[in-house]
Amino acid sequence: MAAIVMTESDIQYVSHAMDKELIQSPKPKRKRQRLDHLSNEEKLMRRKLKNRMAAQSARDRKKVKMHHLEREAMVLVKQRNALLIQNEKLVKSN
């Protein structure tokens, strides 16, 4: 097994590169923006707008879900009717 020999200049280069990398690495960003620069009225308006958008998206999701459930209900009703007809035929033939 060969040993890796590093000179003092190699060690300094690696150390400097690691220090530079640590300095340049971005700090973790805050998850929420601080609203210190906004007035109370602006904060209230921002909250109302966000609430309005959230409510609209909830209504949209509900509408899509209801549409899918209605389509599924229609399919199940058709299957039920087909099975009732098939059952009547089998009862008559039996």
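Rules behind the numbers
- Residues numbered from 1 in each chain as written.
- Predicted model: local features only at pLDDT ≥ 70, side-chain atom pairs only at ≥ 80, totals over all residues.
- Heavy atoms only, no water.
- Helix = DSSP H or I, 4+ residues; strand = E, 2+ residues; numbered from the N terminus.
- Buried < 20%, exposed > 50% of the residue type's maximum accessible area, 1.4 Å probe, protein only.
- Areas by Shrake-Rupley, 256 points an atom, 1.4 Å probe, with all protein chains shown as cover.
- Polar contact = N/O pair within 3.5 Å; in protein donor to acceptor, adjacent residues only side chain to side chain.

Peer 1: Provide a residue-level description of the overall build of the protein, including the pertinent values.
Peer 2: Helix and strand counts for the protein come out as two helices and zero strands. Put simply, the protein has 94 residues, and 0% of those count as buried. Here the protein has roughly 10,200 Å² of accessible surface; of this, 58% comes from carbon and sulfur atoms.

Peer 1: Quick one: what's the story with the environment of Glu42, residue by residue and with numbers?
Peer 2: Its location among the elements puts Glu42 in helix H2 (residues 40–93). Look at Glu42 and you get partly exposed, because its relative accessible area is 40%. Of the polar contacts made by the side chain of Glu42, one reaches the backbone nitrogen of Ser39; its length is 2.9 Å.

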